[in-house]
Every structure is written in structure tokens, then in C-alpha cells.
Amino acid sequence: MIRILIADDEISIIQLIKRLINPELEYEIVGETTDGMSALALIEEVCPDIVITDIRMPGLSGIELLSKAREKGIGAEFIIVSGYQDFQYAQSAIQYGAAAYLLKPIKADELNESLRQAEKKQGENQKLKNRIADMEYTIAKNRSMRRKQLLALWSDRQQYPDKLDLLKQKEEILSVYQFPENSCLGLLILKIDMEEPADKKFIEENLEVLSEKYCRCIEESCWDLETFCRDSRCYLLFCLEKKRYSALIKELDGLTRDRPSQYHMYQVTAAMGEIVETADEISYMFLSAEYALMQRLSIGTGKLIRYHKTENLSKETGLSEEEKQKIDRVLYERRSSKLEEVFQRLYREALGKYRQDPFLIRQFLEAAMDYGSSCLKNYMGDKGAVSEDLEDIVYKMDTCSSNDEMFVVCQDYMVHLAEWVQKRQKDGISRPIKSMKAYIREHYGENISLEEIVAYAELSYAYGSSIFKKETGMTITAYLTHVRMEEAQRLIRETNLTINEISGKVGYMDARYFSKLFIKTVGVKPVDYRKFYS
């Protein structure tokens, strides 16, 4: 049903128009008025589909009424009625998008045809509006989804840093997050800590309620806000005017100290990273927020913890070569008691080295776990078997309340992993040895180095050389020479290649040196060996 409003300074004309409208049309008269100003107010109030207006009225003319309506974004169709056959009036009506221009005396057939055309046009416009609204909804939904995905990726990068370098995502970040002038981007991490282990669903439900409280607080101050919850954490990324940052910090601090847990069943810590002004600094913002959050292990939970620039995020926490060799040796033996002893020693050294900083200690422990699990999986040749377990252990570390608890989780995991590898080992030859042997047999004809052979097995040179000798009873160099001499003997027996050519094919560019090694290995000169088999 179409909604019609009639505006004319003569009541008799309004009555005439109402009589001329074909009753077969589905319509409703939603308003009548005799001047332009009240017509404009009535249009805004009742929102008609079609406005029939005289061109001359007090207050606002029909053309002015149409113009004002368009300025206000009103999409109603206008039918202009005039007693003047004036081209200028008609031209103005068309310029502002009038659906029809009727001359007095009004004819019923012209009026009804104009109404039908206006109704048709209104329907097309509504369809277009609906399509635009659907597109805008889809775009907004996809934008929000991508923003959450980026938040998930960034949070994932902080807990599992080897997975992704999101600095490559700068352009996409700029496309889904707004950076108005004089604005800054901030990150707040909310963390629920339980005194006793709790069901994940319970934590997720409480985290959702908690995040809504903080969102309401932040939304009042910011231009843009996105959230993402994972496990026992919620990440709130927001953009606000720099001068409002200090006031927001006070509000967040008060909210955190106000015991957000209704029944005091858990502690809530809010961690604020360094605010940034460009997409290039987002990685730093996440890292600084993560640093602040980890400090709850030393200064306590239930408060807002802010990162301070004096704290060093770039300190190297990876394993030294000496530490790797200690882990290499003890993992190769796979003795649980020895493994625990070595890890305890490394942990005590790390506590002193990093001054018990929970953030740095966690990074060190994760590096040790990652290196140890890589060694053991590499030893077995089964890269996917325990990768999921490691992420579970990282989650367990996130629920710890002290450095010592994190260490126990790390140590238990390594002992468990060593025992798992020991049970699955089927023969006395480990996967790295098989890899090095296979590489030698494939590349013996090339000028390969020992470092290259060991690197293929993804081991350190010292460790690789050590286990090769221990498992095979010979050095890597001796095995390489053995393989080359075997192939040289076959070529001498089965081909007509010259000794110089055979020397090159088995990896020796110096034929004299090849002959000396052949005599040392086989006991005769290459030429004599050929004579014997010919």
C-alpha cells in the first residue's frame, strides 16, 4: 500500500485530488496540509511514499519543498501540480527529481498514471536501498570477521611466534582499522586466573561477560573497537584520541580493581601495552601488552598492569650453542633423571640471567621446549606427532601463577616426550643417521661438506657428528669415503670410463688424491683393480 501526502493551499484542490485517485489503487492518505513549511515537517513525521504538492504555496513553494526534502535525504516521490505552462518550473522539478509535473485542471487519467509510475519508481528505489543495505551489512560483517582474524593471528603470533610474521599484513590492517588524525591505537588484554583448574566452557562464558563490561567502558571514549577471545584471554584493540588516553586508563584501572568476578571465583588481570600511532608498530604494541600481562606472576593479579618503555623487550632469550649441546646430549641418552637434572640447572641459570622476569623466563622455557621437541621428533622422523601437544603445553603455561610452575610444566613435557620417543623407537638406527646416510648416497659425486650433511638432518654440527660416530662406529668423513670408494669400484668394473673420469664422478677433482685413497681403502691401484676384473 502506497502512502500519499497532499499539500495545496486550496482545500478544494486537496478534496478534488482525493476524489480523482482511482480506488482500485492500494493507497492511504497519511497527511494533508496547506502550506510548505508544515508540509516539510509532516513529511519528516509520517514518511510518505508519494507527495502531491502544488507549485505555489505559502512558506515554501512546491519546488522549494522538493529541494529541502532532498537536502534532508528524504526519498519520497514528488508529483508537482501547477497552473502554469512554464518550462522553467518543469525544468526545476525535473532537476530535483520530481516523478511527474501535472497542469491544472487536473485530469484523473494523468493523475492516476503519474501515481502508478511514482509507485513503480518508489518500489525500484526501495529494492535498490535493500540491495545497498544488504551489501553494507555483508561488507561490515566481513570487515568485522577479518578484524577478528587479524587479532587472532596477532595473538597467535605472540604465543607461537614461529608461525607467522604479520608485518606483511600492514596494508590489510590499514584497510580494516581506522587511524584518524591525532589518534592512537591501544591493546588491552584481559586474563582470567583460576585458583583451581576449571572447565574451559566456564572460563569462556565468564570471559565473554567480562569483555562486555570492558567494551562498554572503552566504547564511550574510542572511535573504533574490536575484540577477540581465546582460551582464558580476551584481546581488545581500540582506537581513540590521544588526549583521552589518560582518562581511559583511570577508568580501566577502577573497573579492574572493582572485583569484576561477581562471586570472587577468579582473578582478573588487565594488561595494557604501549599505545602506537601507525600500523608498523602494531607488533610492538602486542609484544608490550604480552610483557605487561606476564608481570602478574611477580606483582600479583587483580589489577591493571601497564607496560613501561624502560622494560627491555628485545633482550635475547634464545638458547646458546652451549645450552643446545647440553640438551642434545641428554636427549640423545633419553634418561629421565638426567634430563630433569639438566633442565633444572638450565632453569636456575636462566633465573639469574633474566632476573626472574616472567616474560623472559617464559620465552626461555618455550625456546627450550621447542628445541628439545624438535630434536626428539627429528630423531624419530615424526614431525607431526607431538606438535599439537606443544600448543597444549603452552596453554598450560598460560594458566601458571609463578615461574616455578611454568618450569614444572616444561620439564614434565620434555620427560614425557623423551619417554614417548623411547617407546616408539623400533631399531637402533635413528632418523637423523638415516637422513645423513641418504644424503651422502645421493650427493657423493658433489663437493659436499660435513656441515652440509649434518644440516640436512637438522642437527647442530657437534651433535650430528657425535651421534653419527656413536651409532655407526665411524665418522661422517669415513662413511663418505666408504660410499665413494664403493661406487668407484663399481664404475671401474662395469664401465670403460677413464680413472680421471671416475675420480670426478665420485666427488674427487684431484685424480692423484683419489688414487691414494683408493689404494688406502682397497689395497691396490685403480688401474690394477681394472686389470684384475678385465
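Quick caveat: nothing in here was measured; it's all calculated off a predicted structure.

### Description of the overall build of the protein chain
The helix and strand tally for the protein chain stands at 22 helices and ten strands. In the protein chain, which comprises 534 residues, the share counted as buried stands at 46%. Contacts in the protein chain between residues at least 24 apart in sequence constitute 69% of all its contacts with a sequence separation of at least 6.

### Here we look at the sheet that holds strand β2 (residues 27-33)
Reading across the sheet, the five strands line up as β2-β1-β3-β4-β5 and stay open at both edges, with parallel pairing between neighbours. Only two strands of the sheet have a single neighbouring strand rather than two, namely β2 and β5 (100-103). In this sheet, neighbouring strand axes are inclined to one another by 20° on average, regardless of whether the strands run parallel or antiparallel. Looking at chain direction, strand β1 (residues 2-7) and β2 are connected through six bridges and run parallel. Looking across to β2, one finds that A7 is bridged to T33.

### So, the pairing of strand β8 (residues 233-241)
Counting buried positions over the nine residues of β8 gives eight, a clear majority of the element. Bridge count for strand β6 (residues 183-193) against β8 is nine bridges, and the pairing is antiparallel. The residue bridging L185 from the neighbouring strand is C239, located in β8. The pairing of strand β7 (residues 222-230) with β8 spans eight bridges and is classified as antiparallel. The partner of F228 across the bridge, within β8, is Y235. Taking the residues that link successive antiparallel strands as the turn, the β7-β8 hairpin has two residues, and the phi of D231 there is positive, at about 55°.

### Brief notes about the sheet that holds β8
Reading across the sheet, the five strands line up as β7-β8-β6-β9-β10 and stay open at both edges, with mixed pairing between neighbours. The outermost strands of the open sheet, each flanked by one partner alone, are β7 and β10 (304-306). Averaged over all pairs of adjacent strands, the angle between strand axes in this sheet comes to 20°, irrespective of strand direction. By the bridge criterion, six bridges tie β6 to strand β9 (residues 267-272) in an arrangement that is antiparallel. Each bridged residue has a counterpart across the sheet, and for I189 the counterpart in β9 is A271. Strand contacts of helix α7 (residues 200-219): β6, β7, β8 and β9, with the helix running at about 150° to β6, the strand carrying the most contacts.

### Quick look at the nonpolar core
Core analysis: the biggest nonpolar cluster contains 57 residues, and L187, M285, L339, I361, L365 and M406 have the highest contact counts within it. If we ignore the near neighbours within four places in the chain, the residues touching L365 are Y347, M397, M406, F407 and C410.

### Thoughts on the layout of surface pockets
If you add up the space inside the second largest pocket, you get close to 420 Å³. The wall of the second largest pocket is formed by 21 residues, among which D193, M194, E195, T399 and C400 lie closest to the centre. Elements with a contribution of two residues or more to the lining of the second largest pocket: β6, α7 and α10 (296-299). Considering every element that reaches the lining of the second largest pocket, the biggest residue donor is β6, with three residues. For the lining of the second largest pocket, the class distribution of residues is eight nonpolar, six polar and seven charged.

### Description of the packing of aromatic side chains
Applying the stated criterion across every chain yields a total of twelve aromatic pairs. For the pair Y284 and Y307, a centre-to-centre distance of 6.2 Å together with 85° between the ring planes defines the contact as edge-to-face. Pair noted here: Y284 is in helix α9 (residues 282-294) and Y307 is in the loop between β10 and α11 (321-333), with a separation of 23 residues, a long-range link. Taking relative accessible area as the criterion, Y284 reaches 30% and is therefore assigned partly exposed. Measuring from centroid to centroid gives 5.0 Å for Y291 and F359, while their planes differ by 55°, and the two rings are tilted. Pair noted here: Y291 is in helix α9 and F359 is in helix α13 (residues 358-380), with a separation of 68 residues, a long-range link. Here Y291 and F359 have matching classes, each one buried. We note R484 situated over the ring of Y508; from NZ or CZ to the ring centre the distance is 4.9 Å.

### With respect to the side chain of E323
On the secondary structure map, E323 appears in helix α11. Within the buried set, E323 has no salt-bridge partner at all; the shortest N-O distance to an opposite charge, 4.7 Å, is to K353. Apart from residues lying up to four places away in sequence, E323 is in contact with G318, L346 and F364.

### A look at empty space enclosed by the protein
For the structure on display, the rule yields two cavities of 30 Å³ or more. Its volume calculated, the second largest cavity comes out at about 30 Å³. Considering the residues around the second largest cavity, the lining is formed by F343, L346, Y347, F364, L365, A368, F407 and C410. Of all the secondary-structure elements, those providing two or more residues to the lining of the second largest cavity are α12 (336-353), α13 and α15 (403-424). Among the residues making up the lining of the second largest cavity, the classes are represented as eight nonpolar, no polar and no charged.

### Considerations on the pairing of strand β3 (residues 50-54)
Burial analysis of β3 places five of its five residues in the buried class, the great majority of the element. Alternating residues of β3 divide into I50, I52 and D54 and V51 and T53, and every residue in both groups is buried. In the sheet, β1 pairs with β3 via four bridges, with the strands oriented parallel. For I4, the partnering residue across the bridge sits in β3 and is I50. As paired strands, β3 and strand β4 (residues 77-82) are joined by five bridges and run parallel to one another. Bridge pairing links D54 to V81 in β4. Where the polypeptide runs from β3 across helix α3 (residues 62-71) and back to β4, its parallel neighbour, the crossover connection is right-handed.

How each quantity is defined
Residues numbered from 1 in each chain as written. Predicted model: local features only at pLDDT ≥ 70, side-chain atom pairs only at ≥ 80, totals over all residues. Heavy atoms only, no water. Helix = DSSP H or I, 4+ residues; strand = E, 2+ residues; numbered from the N terminus. Buried < 20%, exposed > 50% of the residue type's maximum accessible area, 1.4 Å probe, protein only. Contact = heavy atoms within 4.5 Å. Pairing = 2+ DSSP bridges. Axes fitted to C-alpha atoms, helices over the stretch in contact; angles between N-to-C directions. Core = buried A, V, L, I, M, F, W, Y, C linked by side-chain atoms within 4.5 Å. 1 Å grid on protein atoms, 1.4 Å probe; cavity = no way out; pocket = protein on both sides within 12 Å on 5 of 7 lines; lining within 4 Å. Points joined across faces, edges and corners; volume = space filled by probe spheres on them. Nonpolar A, V, L, I, M, F, W, Y, C, P; charged D, E, K, R; others polar. Phe/Tyr/Trp six-rings, centres within 6.5 Å; stacked < 30°, edge-to-face > 60°. Lys NZ or Arg CZ within 6 Å of the ring centre and 35° of its normal. Lys, Arg positive; Asp, Glu negative; His and termini not counted. Salt bridge = Lys/Arg side-chain N within 4 Å of Asp/Glu carboxyl O. Right-handed = clockwise from strand over helix to strand, strands pointing away.

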